Amino acid sequence: MTTNSQWNGQFSCFDLVARTADGSRTIVRVGDLAIGDGSFVVMAGPCAVESEQQILKTAEFVAAAGARVLRGGAYKPRSSPYSFQGLGVEGLKLLAKARKETGLAIVTEVMSESDVEVIAEYADIMQVGTRSMENYSLLEALGRCGRPVLLKRGMTARLDELMQSAQIIAASGNPEIILCERGIRTFETATRNTFDIAAVPVLKAVSRLPVIVDPSHAAGVRSLVPVLARAAAVVGADGLLVEVHPEPEKALSDGMQSLPFDEFEDMMCDLRRYVVISPALHDMRSPLLMAGGVN
Ligand code: PEP
Ligand code: MN
């Protein structure tokens, strides 16, 4: 894709994350997983880690369907102080257990600079949520954390502001950054956020970083998630971050937008018509789970 000259002016100052002169791109590697190499990487799991059974069961299912990364919040940014706030370190331990059982890499959100060290001990990818995109001291700490960062677009942020936050992480020592479009605030209220589909090709044109889409927080309702995921695949995204729950109606957060297992499987089937998704990690399935020991 050629870069429009107006975009050049707007984005070239972010020299550590902007498109390179020769068009070479950053590939973020986690073990044998490559994000941004032309394959389509699916990161799936519940909004929040709720229990051992919930996270292991979900990990097993999404791995078998072709996901390569397990998502799940242990530290949750909730708008109400009375809502479930996450299991904290206990949640991180459960994620690590799920990784051991399935071979999936782990992505989980870090909200505070003071949690960076402990989360980096357990996570493979550090997620910066929409509310933290402009938390510059957090971004600087993530520059030194030694793990790739999944940087979500702020819900009221322009793309140059997203690039600026990426530049801060890179300038602090960490060039391993994945950008994520998750919907923005507009006057439209029919969806939870407005999915800015153009963000994907624009970011792919102006930055060197992998770009993924979170259709769950854009949609807010599960019926729209597969079609937004398909749009992301078709428009050139490097992957997805998507919410999946064994019993969405009982989820402690974001149940309305979480896919149950059968709908996740259908979505993965549909996506395979458009992009190359890794084959399932069957070899790594846990004997305990295979034997039905956790249900
Ligand atoms: C999440 O991924 O569960 C989350 C809180 O996302 P966002 O920061 O995009 O709202
Ligand atoms: Mn969520």
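Residues numbered from 1 in each chain as written. Chains lettered and ligands numbered in written order. Predicted model: local features only at pLDDT ≥ 70, side-chain atom pairs only at ≥ 80, totals over all residues. Heavy atoms only, no water.

Assigned secondary structure in the protein chain consists of 11 helices and 10 strands. Taken over C-alpha atoms, the radius of gyration comes to 18 Å for the protein chain, in line with the 19 Å a tight globule of 295 residues would show. Along the first, second and third principal axes, the C-alpha atoms of the protein chain reach 55 × 45 × 40 Å. Within the protein chain, buried positions represent 57% of all 295 residues. Across the protein chain, every contact between residues at least 6 apart in sequence was considered, and the portion connecting residues at least 24 apart equals 72%. (Helix = DSSP H or I, 4+ residues; strand = E, 2+ residues; numbered from the N terminus. Rg over C-alpha atoms; globule rule 2.2 N^0.38 Å. Buried < 20%, exposed > 50% of the residue type's maximum accessible area, 1.4 Å probe, protein only. Contact = heavy atoms within 4.5 Å.)

Helix length check: helix α3 (residues 89–102) (14 residues) gives 20 Å between terminal C-alpha atoms against 20 Å at 1.5 Å per residue, within 8%. Within α3 the residues assigned to the buried category are Gly91, Leu92, Leu94, Leu95, Ala96, Ala98, Glu101 and Thr102. At the exit of α3 stands Gly103, carrying a positive phi of roughly 85°. (Expected span 1.5 Å × (residues − 1).)

Once that is clear, we can look at the coordination of the manganese ion (ligand 2). Here the manganese ion (ligand 2) is held by Cys47 (SG), His217 (NE2), Glu243 (OE) and Asp254 (OD), and the distances to it run 2.1 to 2.4 Å. Each donor residue of the manganese ion (ligand 2) lies on one chain, and together they are spaced C-x169-H-x25-E-x10-D. Here Cys47 is found in the loop between β3 (41–45) and α2 (52–64), whereas its partner Asp254 is found in the loop between β10 (239–243) and α10 (261–271), with 207 residues between them in sequence. (Donors = N, O, S within 2.8 Å, 3.2 Å for Na, K, Ca; no water.)

Moving on: the site of ligand 1. Residues in close proximity to ligand 1 total 13 residues, the closest being Arg71, Gln127, Thr130, Lys152 and Arg182. Between ligand 1 and His217, the relevant distance is 3.2 Å, taken from an oxygen atom to a side-chain nitrogen or oxygen of the residue. Here an oxygen atom of ligand 1 and a side-chain polar atom of Glu243 are 3.2 Å apart. When ligand 1 sits alone it has 300 Å² of accessible area, and the protein chains cover 97% of it. (Near = heavy atom within 4 Å. Polar contact = N/O pair within 3.5 Å; in protein donor to acceptor, adjacent residues only side chain to side chain. Areas by Shrake-Rupley, 256 points an atom, 1.4 Å probe, with all protein chains shown as cover.)

Our next topic: the environment of Gln10. Note that Gln10 resides in helix α1 (residues 5–11). The spacing of Gln10 and Val206 is 196 residues in sequence and 9.1 Å in space, taken between C-alpha atoms.

Another point: the pattern of salt bridges. A side chain of one charge can pair with a side chain of the opposite charge if their charged atoms are brought near each other. For the coordinates displayed, the defined rule picks out 14 salt bridges. The partner of Asp196 in a salt bridge is Arg153, with the nearest N and O atoms 2.8 Å apart. Taken together, the positions of Asp196 in the loop between β8 (177–181) and α7 (199–206) and Arg153 in the loop between β7 (149–152) and α6 (159–171) put the pair 43 residues apart, joining distant regions of the chain. For Asp160, the salt bridge identified is with Arg158, shortest N-O distance 2.8 Å. A residue is classified by how much of its surface remains accessible, and Asp160, at 14% relative accessible area, is buried. Classification of Arg158 as partly exposed rests on a relative accessible area of 48%. One network of salt bridges, in which partners are shared, links Arg153, Glu181 and Asp196. (Salt bridge = Lys/Arg side-chain N within 4 Å of Asp/Glu carboxyl O.)

Shape is all these values report; function is a separate question.
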